[in-house]
Amino acid sequence: MSEGMRDLIYLDNAATTKTAPEVVEAMLPYFTENYGNPSSIYSLGSAAKKAVMESREYIASTIGAKNNEIYFTGGGSEADNWALIATAEAYASRGRHIITSKIEHHAILHTCEYLESKGYEITYIDVDENGIVKLDDLKAAIRQDTILISIMFANNEIGTIQPMKEIGKIAKEHDVLLHTDAVQAYAHLPIDVDEMNIDMLSASGHKFQGPKGIGFLYIRTGIKIRSFLHGGQQERGRRAGTENVPGIVGMGKAAQLAFSHLEEREEKEKELRDYLIKKIGEEIPYCRLNGDREKRLSNNVNYSFRFIEGESLLIMLDRKGICGSSGSACTSGSLDPSHVLLAIGLPHEIAHGSLRLTVNWENTLEEMDRTVETIKEIVERLRAMSPLYEDYIARKGQ
């Protein structure tokens, strides 16, 4: 490993996480030794089938689901697409109205746009200044023809955790199906699908030190959801295609690692998160913490810095060996400000100066110190070149 890589401070764990060595080790035999197709009847295929079954059983246990309610997918975006499109098609005779929020991941929002083009009606409900769904607005949005509510469990940009139990209660009282995009929440927060009245749930392996390209969709027994991929009987006839056995094994192992030390890891991440939030807030003026201070993912820090462009900050941080983000990795390259930050009421000029840092339990306080010092230097340098900042300081001094 190069000197530069050793000095790297990785603070973009909401985008992806490093695959744990134990996960890689668990996956390897299914590339070279137990490489059989799970659908085959000979013993080599049976070994692969057994591994898939064991991962399914463990993952189901982590959310209080049954084994046959877990369907493996190619990731969180596929699971989101499946939940919305297949449900919309299956329940179209009952109604064509779906409710979601304005701060969902684009895997939900763009799927909703697609459904709108097919004649479905979507209501995008507001959130408060911290990014929490307004429950009264949710209740008011439900109609006779509402077939689905899709609200993310925790936001990928600002870390806000939604009141899923209350949302589930509202959905159940009105006999409406509830889907949650739990890509950022699964293996970070305790989830019980029965207690929370969740009918469908999406998750992705690479968000909790598993491999990329594998996820799952939980579908409650009795939900009349249609197949998403056609061509074979895999996943009980609902998702065709040979199973990604190494990926499934890897995601199962990653889930085991995460849930075996869940509280310990969360406490370590909260310590790092709170240290970073406090230090940035105290040492860098004209900044704003985005998202709820308490109802927040343990690893998420999102600040907006006035009078600078977030893209310039990210580039300069990268040159110093620090990886961060201005929002969702799926919108990388977009010049538009974050739709999440606009939804919580930030003006465009402040939303443009946002920085998301997402820690991992393996990070250190020393790395947090170096990160804050580097951000401080860069922000000062960028503001020194900003005529807006110069005018603001001049007016303030009058």
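Use the structure listed above.
Residues numbered from 1 in each chain as written. Predicted model: local features only at pLDDT ≥ 70, side-chain atom pairs only at ≥ 80, totals over all residues. Heavy atoms only, no water.

(A) Looking closely at the packing of helix α5 (residues 76-90) against helix α6 (residues 106-117). The geometry of α5 relative to α6 is characterised by a closest axis approach of 9 Å and an angle of 30 degrees between their N-to-C directions. In terms of orientation, α5 and α6 fall into the roughly parallel class. Crossing of α5 over α6 shows right-handed handedness. In this structure, α5 uses Ser-77, Asp-80, Asn-81, Leu-84, Ile-85 and Ala-88 to contact α6, whose residues at the interface are Ala-107, Ile-108, Thr-111, Cys-112, Tyr-114 and Leu-115. Split by residue class, the contact of α5 with α6 holds eight nonpolar, three polar and one charged. (Axes fitted to C-alpha atoms, helices over the stretch in contact; angles between N-to-C directions. Helix = DSSP H or I, 4+ residues; strand = E, 2+ residues; numbered from the N terminus. Parallel < 35°, antiparallel > 145°, perpendicular 65-115°, else oblique. Left-handed = near helix turned anticlockwise from the far one by under 90°. Contact = heavy atoms within 4.5 Å. Nonpolar A, V, L, I, M, F, W, Y, C, P; charged D, E, K, R; others polar.)

(B) Expanded view of the packing of aromatic side chains. Following the criterion strictly, the structure yields eleven aromatic pairs and no others. When the ring of Tyr-71 is compared with that of Trp-82, the centres are 5.7 Å apart and the planes differ by 75 degrees; the resulting orientation is edge-to-face. One end of the pair, Tyr-71, is in strand β2 (residues 70-73); the other, Trp-82, is in helix α5, and eleven residues separate them in sequence. Trp-82 matches Tyr-71 in its accessibility class, with the two residues each being buried. Members of the aromatic cluster, each reached through a chain of ring pairs, are Tyr-186, Phe-208, Phe-216 and Phe-259. When the ring centre of Tyr-120 is taken as reference, the NZ or CZ atom of Arg-96 above it lies at 4.1 Å. The ring of Tyr-392 is capped by Arg-306, whose NZ or CZ atom sits 5.0 Å from the centre of that ring. (Phe/Tyr/Trp six-rings, centres within 6.5 Å; stacked < 30°, edge-to-face > 60°. Buried < 20%, exposed > 50% of the residue type's maximum accessible area, 1.4 Å probe, protein only. Lys NZ or Arg CZ within 6 Å of the ring centre and 35° of its normal.)

(C) Region of interest: the sheet that holds strand β12 (residues 354-358). Strand order in the open sheet formed by three strands is β9-β10-β12, and the pairing between neighbours is antiparallel. The sheet is open, and its two borders are formed by β9 (287-289) and β12, each paired with just one other strand. Within the sheet, the average angular offset between the axes of one strand and its neighbour, ignoring direction, is 25 degrees. Bridge analysis of strand β10 (residues 300-305) against β12 gives five bridges, and the strand direction is antiparallel. Counterpart to Val-301 in the pairing with β12 is Leu-357. (Pairing = 2+ DSSP bridges.)

(D) Broad picture of the nonpolar core. Core analysis: the biggest nonpolar cluster contains 63 residues, and Phe-153 and Phe-216 have the highest contact counts within it. Not counting residues up to four positions away in its chain, the partners in contact with Phe-216 are Ile-59, Ile-63, Ile-70, Tyr-71, Phe-72, Thr-73, Ala-79, Tyr-186, Leu-201, Ser-202, Ala-203 and Met-251. Core analysis: the second largest hydrophobic core is formed by 25 residues, Leu-313, Met-316, Ile-322 and Ile-378 among them. (Core = buried A, V, L, I, M, F, W, Y, C linked by side-chain atoms within 4.5 Å.)

(E) Molecular detail of a nonpolar patch on the surface. The grouping of Val-24, Leu-28 and Phe-31 at the surface amounts to a nonpolar patch, some 280 Å² of accessible area in total. On the secondary structure map, Val-24 appears in helix α2 (residues 21-27). (Patch = residues over 30% accessible without salt bridge, like charges linked within 9 Å, V, L, I, M, F, W, Y side chains within 5 Å. Areas by Shrake-Rupley, 256 points an atom, 1.4 Å probe, with all protein chains shown as cover. Salt bridge = Lys/Arg side-chain N within 4 Å of Asp/Glu carboxyl O.)

(F) The arrangement of helix α9 (residues 245-260) in detail. With 16 residues, α9 extends 22 Å between its outermost C-alpha atoms, agreeing within 8% with the 22 Å of an ideal straight helix rising 1.5 Å per residue. Across the 16 residues that make up α9, a large majority, twelve, are buried. N-cap assignment for α9: the residue whose side-chain oxygen lies 3.0 Å from the backbone N of Gly-247 is Asn-244. (Expected span 1.5 Å × (residues − 1). Polar contact = N/O pair within 3.5 Å; in protein donor to acceptor, adjacent residues only side chain to side chain.)

(G) Highlighting the sheet that holds strand β4 (residues 121-125). Taken in spatial order, the seven strands make up an open sheet running β2-β8-β7-β6-β5-β3-β4, and their pairing is mixed. Bordering the open sheet on either side are β2 and β4, each of which pairs with just one other strand. Each neighbouring strand pair of the sheet contributes to a mean axis angle of 20 degrees, computed without reference to strand direction. The pairing of strand β7 (residues 200-204) with strand β8 (residues 215-219) spans five bridges and is antiparallel. Residue pairing across strands places Leu-201 opposite Tyr-218, the latter belonging to β8. On top of the sheet, α5 reaches β2, β3 (97-101), β5 (146-150), β6 (177-181), β7 and β8; it is set at about 160 degrees to β7, its chief contact. Across the face of the sheet, α6 comes into contact with β3, β4, β5 and β6 while running at roughly 145 degrees to β4.

(H) Just unusual backbone geometry, in detail. The phi torsion at Asn-197 lies on the positive side, around 55 degrees, for a residue other than glycine. Assignment of secondary structure puts Asn-197 in the loop between β6 and β7. Of note in this structure, Gln-209 is not a glycine but carries a positive phi near 70 degrees.

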